[in-house]
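Residue-level listing of the chains:
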Amino acid sequence: MFALLARLAVNRPGRVLTITALLVICLLPWAGGVFDRLSTGGFYAAGDSATHAEALLDAEFPGAPPNVAIMVTAPGTIEGPTARRVGENLTSQLQREPGVSAVTSYWSPDAPAGLLRSQDGRSALVLFRLTGSEDAIARHVADLHDRYAHDGPGVTVRFGGAPAVMLDVTEQSRADLERAELVTAPLVLGVLLFAFGGTAAALLPVVVGGSAVIASLALLRLLSEMTHISVFSLNLTTALGFALAVDYCLFILRRFREEREAGVQREVALHTSLRTAGRTVLFSGLTVALSLTGALLFPLPYLKSYAYAGIAVVVTSELAALLVLPAGIMLLGERVERGRRRGLGFGRRRGGGRRRREPGAVWTAVAHRAMAHPLLFGGAAVALMVVMALPLGGLRVALADDTVLPTTADSHLVNDAMRDDFTVCLPCQIPVVVPGVDAREPAVVAQLGGYAAALSDVPGVARVDTVAGSFTNGRMIAPAPAGGQQFVGTHGGAWLSLWPTEPDPISAATQRTVGLIRAIPTPYPVEIGGLAPHLVETRDTVIRGLPGAIAVVVTATFVLLFLFTGSLLLPLKALLLNALNLAAVMGVMVLVFQDGHLQSLVGHFQVSGTVELTSPVLMFCVAFGLSMDYEIFLLARIREEHLRGAGNRRAVARGLAATGPLLTCAALALIVVMIGVATSQISIIKMVGLGLALAVLLDVTVIRAVLVPAFMALAGRYNWWAPTPLRLLHERLGLREGAEPGEPDGLGAAGAPDGLAVPRGVFPAVLPAVLPTRGTAASPPPVGAPPVRTPSAAETAAAGQPAHAGGDVLAGSPRHSGLGPPGPRPPARSDGAGPALFSASTYGRAEDGLFDPDGYGSLAGPAEPSGAHRPADPPADPAGQDGPWEERPARSGRAPERTAGEQDASPEKYVPTLGEREKAEGCWSADAWFSPHGDAPATDPRRDG
């Protein structure tokens, strides 16, 4: 697949980009109408009793409790002539509106004036009920709002109730998304300019990310035609899609420039980048998608919509990064590579100037310190995370209501006034529906009267109204008005209205009252509705679904990481560290959004003393996927170094040095995008954006920089351990960076030197020790022997020897440096001896001194560590034929290349033995015989962690 993508990008970049541009232009109008198609609500499970009660009230009871309130406020008193004329006209017009029922107004002749007038006498209410589906109610209330709402001067008319809250949420989400996109795009561009130091390279991920966002919006529009997609999901998922597209482009583009800096041709560099970084991008996107599938196990449409939308934007982000980006790289050509000496591409200055810090030097230093004292650094990091997680013990959850909106929103003002300024809390009303009974029969009325009397005696219930009358403290205080017909259904059934004493419908006292109400024996089957029962049932539904969701996410992530690494311990480590990270993030969220601390840093919002119920679940699914995203990128590079022969500590240090700067910029881009999401005026979106930004920040700093190297140092050789059956399974099914089965990899026709078939997942057990490559010197001939010339492919074929498919094409590729012959077999030694061989175990490396991955005896090997003691100088060439070295600027971890002569004409090359090599930063030692991680003597306390 990756070879096909590379061929498309190399051969037809203009065609790929043209088709992409046409698709984006065609999808733009379709994507622009996504807001009008998204749904509101979805916070309740369809099978809950409270949901059934609400559906029955809509279908059968015209006199059901009102769900919309209009508050008329006058500058002086509500009894003024202007306020009275506005109120009376509004009442008469609403009574004639189709789809509007149960209109109750302060200005109606038979209205309970004391309940509908505020305590300060400046406001009065008009109540009514809208019926239908959530989307139909949302459209209806939007139409009524456009025609009747008025915001001064003089009399003010504001809408409240749950449908009005959803209307304000939709409008606020639209404004927040536009603002976040305008703010974050330039900031992300600045991050990319810092990362690459070139305009073309920095603009390319932004353009690809923007294309992914447009495709994501169009896909969300399509999904909204088939299922419930919440308006809340739009801000987060589009921001997530943009951030992931930028991150994926960053990884692929950085690998491409890394290959180009090593002297590889552009086409080959792109192919290698897609085969390595592109494959890792595919796996990491799969991890994020698998994490989001956990939300599908909850019966709440709100959470399911996040899963559908999140998976859709991950797919579009990966397609954009793997298809559009390579074509853009080929079309821009050299412009993508300009400025590579800046940003992340630190290196030595030309002309003998002052040396600059190598890329990843800070990460390497931190990793060495953490691995030198793993208990100290790891313990301090764990203690910090535990302290941050402590507030999580006081978590209190609630459902989304008007408190998620800014305090200046109309629906928020109206609902606050009904809770605080009116005698009875109208949103707190609890309807109890009795379906299927004939409430006109006296026997049924008597049964309902006895049930109402029992309910009125429950602690926390102030009054119960029903067809049999009104009850308080277990006795009837008044007969039902107008015969109680408003409590009788059109096709049978009845309902009872319960008024709690607690004005807060989500308080602990109200929830206890709901439990007591459910415990009362009922004469008939009942369904209990209202905000408080909704909260209790939704909380129970989420708790029931949480173990299954966690099991699916954890199992899928563990399996994917095992297939990627072949280790049993590393996936467990990743799961534990991610759980610790999520606990710390949720602790901070409780401290900020539930307790109201640090508002000066995050922006103003209303502190309700609770956390929205579904937000922790959503943050778990998204943050877990993002953490595993970075885990895969880091482990891929550590595993690559491990397979090259580096020991445990050196592989970790090199992996962090190679990926640390890249992870820094990728995380910074994602944090910038999520902070843009956190600027939202809707508190639950603000909390999710801030929580994800904090999760990424902690993941890159505390987890990746400190806890990962400390853990891997303590684990030592067990990092890559797996039982024999699992190891064999990984060798057959494992996921890895490299050539796909049957794909040429530059190592010969069979994927191994000389056509040797190497089982997938097993490091080659026999390789030539001396590997001539382009730009490096071959093994010197004996004294007096003529210089050895590497035969060409034609000469090799004429001699009857098989030519290697990779040949000289990828000779400069760092992938093949010291890992196998990209060119022809080296000529036989003049003394008649065969080529030197080395052996390696599945988990170990060549420890017999003939294979030298650390570059002591190989001109193509990595550069020796800074500050290390070099071996003794080789004996001087008596013939004086040893040519001088000329160093080129090289990337960190690579040795300088020869430029003069390309062949070492010295009579012999001195290679120190294992016993002569001094240990430097965990390098080779005489004690390293067939030890998987034997980089240090047995007496060294740092040996194997």
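Residues numbered from 1 in each chain as written. Predicted model: local features only at pLDDT ≥ 70, side-chain atom pairs only at ≥ 80, totals over all residues. Heavy atoms only, no water.

Going by the annotation in an unreviewed UniProt entry, the name recorded for the protein chain is SSD domain-containing protein, with Parafrankia colletiae given as the source organism. The UniProt entry for the protein chain carries this comment under Subcellular location (unreviewed entry): "Cell membrane". Looking at the protein chain in UniProt, the text filed under Sequence similarities (unreviewed entry) is "Belongs to the resistance-nodulation-cell division (RND) (TC 2.A.6) family. MmpL subfamily." (UniProt positions renumbered as here; feature names shortened; annotations may be inferred.)

Turning to the overall build of the protein chain, a few remarks are in order. When its secondary structure is counted, the protein chain shows 24 helices and 13 strands. Looking at the 945 residues of the protein chain, the share that counts as buried comes to 54%. When contacts within the protein chain are restricted to residue pairs at least 6 apart in sequence, those whose partners lie at least 24 apart make up 77%. For the protein chain, the accessible area works out to roughly 38200 Å², and carbon and sulfur atoms hold 61% of it. (Helix = DSSP H or I, 4+ residues; strand = E, 2+ residues; numbered from the N terminus. Buried < 20%, exposed > 50% of the residue type's maximum accessible area, 1.4 Å probe, protein only. Contact = heavy atoms within 4.5 Å. Areas by Shrake-Rupley, 256 points an atom, 1.4 Å probe, with all protein chains shown as cover.)

This part covers the pairing of strand β10 (residues 475-478). With three bridges connecting them, strand β9 (residues 469-472) and β10 associate as antiparallel partners. By the bridge assignment for β10, S470 is matched with A478. From the end of β9 to the start of β10, which pair antiparallel, there are two residues, and N473 there has a positive phi angle of about 55°. (Pairing = 2+ DSSP bridges.)

It is worth spelling out the nonpolar core at this point. In globular proteins that are soluble, nonpolar side chains generally tend to be buried together. F232 and M589 are the most contacted members of the largest nonpolar core, which totals 167 residues. Considering each element in turn, this core owes the most residues, 19 residues, to helix α22 (residues 683-715). Once you skip the residues sitting within four places of it in the chain, F232 turns out to touch F43, V169, Y302, Y306, I682, I684 and I685. Core analysis: the next-biggest nonpolar cluster, separate from the first, contains 34 residues, A69, Y106, L125 and F422 among them. (Core = buried A, V, L, I, M, F, W, Y, C linked by side-chain atoms within 4.5 Å.)

With that settled, consider the environment of F624. For F624, the location among the structural elements is in helix α20 (residues 615-643). Assessed through its relative accessible area of 3%, F624 is described here as buried. Sequence separation between F624 and A695 is 71 residues; the distance between their C-alpha atoms is 9.0 Å. Residues contacting F624, with those up to four places away along its chain left out, are S291, V553, T557, L575, N578, L582 and M619.

So, on to the sheet that holds strand β12 (residues 527-528). Here six strands make up an open sheet; going across it, the order is β10-β9-β8-β11-β7-β12 and the pairing antiparallel. Unpaired on one side and paired on the other, β10 and β12 mark the two borders of the sheet. Pairing geometry for strand β7 (residues 430-434) and β12, over two bridges, is antiparallel. Paired with V432 across the bridge in β12 is I528.

Here we have five strands laid out as an open sheet, ordered β2-β3-β1-β5-β4, and antiparallel in their pairing. The outermost strands of the open sheet, each flanked by one partner alone, are β2 (100-105) and β4 (150-151). Relative to strand β3 (residues 123-130), β2 runs antiparallel, the two sharing four bridges. Note that in β3 the partner of T104 across the bridge is L127. The strands touched by helix α14 (residues 410-420) are β1 (68-73), β3 and β5 (156-160); relative to β5, the strand with the most contacts, the crossing angle is about 85°. (Axes fitted to C-alpha atoms, helices over the stretch in contact; angles between N-to-C directions.)

Among the secondary structure elements, V622 is positioned in helix α20. Excluding residues that lie within four positions of it along the chain, V622 makes contacts with L240, L292 and L692.

All right, on to the side chain of R419 then. Mapped onto the fold, R419 is located in helix α14. Side chain to side chain, R419 and D402 meet in a polar contact 2.7 Å long. Not counting chain neighbours up to four residues away, the residues in contact with R419 comprise D402, T403, C425 and P503. (Polar contact = N/O pair within 3.5 Å; in protein donor to acceptor, adjacent residues only side chain to side chain.)

What follows deals with the pairing of β5. Within β5, five of the five residues are buried, which leaves the element mostly enclosed by the surrounding structure. Neither face of β5 is left uncovered, since the one carrying T156, R158 and G160 and the one carrying V157 and F159 both have all their residues buried. Pairing geometry for β1 and β5, over five bridges, is antiparallel. Of the residues in β5, the one forming a bridge with I70 is F159. Two elements, β4 and β5, share two bridges in a ladder whose sense is antiparallel.

Applying the stated rule across the entire model yields seven aromatic pairs. Ring geometry for F487 versus W495: centroids 5.0 Å apart, planes at 50°, classification tilted. One exposure class covers both F487 and W495, and it is buried. Note that R221 overlies the ring of W30, its terminal NZ or CZ placed 4.1 Å from the centroid. (Phe/Tyr/Trp six-rings, centres within 6.5 Å; stacked < 30°, edge-to-face > 60°. Lys NZ or Arg CZ within 6 Å of the ring centre and 35° of its normal.)

Take a nonpolar patch on the surface next. Among the surface-exposed residues, I19, L23, L27, W30, L222 and M226 lie close enough to one another that they form a single nonpolar patch of about 580 Å² accessible area. Note that M226 resides in the loop between α8 (199-224) and α9 (232-261). Given a relative accessible area of 61%, M226 falls into the exposed group. (Patch = residues over 30% accessible without salt bridge, like charges linked within 9 Å, V, L, I, M, F, W, Y side chains within 5 Å. Salt bridge = Lys/Arg side-chain N within 4 Å of Asp/Glu carboxyl O.)

Attention now moves to helix α15 (residues 442-456). Taking 1.5 Å per residue as the helical rise, α15 with its 15 residues ought to reach 21 Å, and the 21 Å between its terminal C-alpha atoms agrees with that figure. Turning to α15, its buried residues are V444, L448, G449, Y451, A452, A453, L455 and S456. (Expected span 1.5 Å × (residues − 1).)

In this section: unusual backbone geometry. Phi at A102 takes a positive value of approximately 55°, unusual for a residue other than glycine. Following the sequence through the fold, A102 ends up in strand β2. The phi dihedral of N473 falls on the positive side, at around 55°, and the residue is not glycine. Its place among the elements puts N473 in the loop between β9 and β10.

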